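Overview (structure and organization)
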Amino acid sequence: MRKILLLIVLTMGFTSANAQESLFKQAWLEKWQNSKEYLIAVAEKMPDSLYGYKPTEREMSFGEQLEHINQNMEWLSTTYFDKQEAEVSTNVNEKKRIIANLQNAFDLIYETIQSYPESRLTEKVDFFAGEKSKLQILNLLQDHLTHHRGQLIVYLNLNDLKPPRYTGW
């Protein structure tokens, strides 16, 4: 009877640990998908003719901000999460090219993190800001995107374009 009770307790503990792990991953992936949809909606809102717009000379243009977001996503995910390099769209229309590249990068990162072992998120990596866990790098992916998306929303407002409704969850 003691062995059966011990087996039940161990099984419950294992199931609880797996449920906690998958809860984090599910929450991150859901947030990532929402971030993709929101950023693409922001990118689509700006007319092609204003992708070169920048509020001041020292700022990146709207299109450059989007490309910077994409480059950062590619760098962090290929360097720290073994994501395959994304195919780059060569569409001649700048807006369509940038949006296609963003969608591709978002999707590949989603697939990479979905299959990435959660147990490896505690691994430490060398980062220019010092040693970080892979979990911190994963959070940086989201934080960097949010930072620049906020700037893009200001660009829309400065051009009297109503930003898309926020979807944060």
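Refer to the structure presented above.
Residues numbered from 1 in each chain as written. Predicted model: local features only at pLDDT ≥ 70, side-chain atom pairs only at ≥ 80, totals over all residues. Heavy atoms only, no water.

1. A few points about the pattern of salt bridges
If you walk through the whole model with that rule in mind, you get six salt bridges. In this structure, K36 engages D107 in a salt bridge whose closest nitrogen and oxygen atoms are separated by 2.7 Å. Pair noted here: K36 is in helix α1 (residues 2-45) and D107 is in helix α3 (residues 94-115), with a separation of 71 residues, a long-range link. Residue class for K36 comes out buried when judged on its relative accessible area of 14%. Relative accessible area serves as the criterion here: at 30%, D107 is assigned to the partly exposed category. (Salt bridge = Lys/Arg side-chain N within 4 Å of Asp/Glu carboxyl O. Helix = DSSP H or I, 4+ residues; strand = E, 2+ residues; numbered from the N terminus. Buried < 20%, exposed > 50% of the residue type's maximum accessible area, 1.4 Å probe, protein only.)

2. Description of the environment of Q103
Here Q103 is to be found in helix α3. You can call Q103 partly exposed: its relative accessible area is 30%. Along the primary structure Q103 and E37 are separated by 66 residues, whereas in three dimensions their C-alpha atoms are 8.9 Å apart.

3. Some points on unusual backbone geometry
Glycine aside, the phi torsion of most residues is negative, and most peptide linkages are trans. A positive phi angle, close to 55°, is found at D160, a residue other than glycine. For D160, the position within the fold is in the segment after α4 (134-158). Classification of D160 as exposed rests on a relative accessible area of 74%.

4. Details of the packing of aromatic side chains
Counted according to the given criterion, the structure contains 12 aromatic pairs. Residues F62 and Y155 carry aromatic rings whose centres are separated by 6.3 Å and whose planes lie at 45° to one another, so their mutual orientation is tilted. With F62 in helix α2 (residues 62-80) and Y155 in helix α4, this residue pair connects regions lying 93 residues apart in the sequence. Among the residues examined, Y155 registers a relative accessible area of 3% and is labelled buried. Ring centres of F127 and F128 lie 4.7 Å apart, and the angle between their planes is 40°; on these two criteria the pair is classed as tilted. Through a chain of ring-to-ring contacts, the aromatic side chains of Y51, Y53, F62 and Y155 assemble into a single cluster. (Phe/Tyr/Trp six-rings, centres within 6.5 Å; stacked < 30°, edge-to-face > 60°.)

Just geometry here; none of it tells us what the structure is for.
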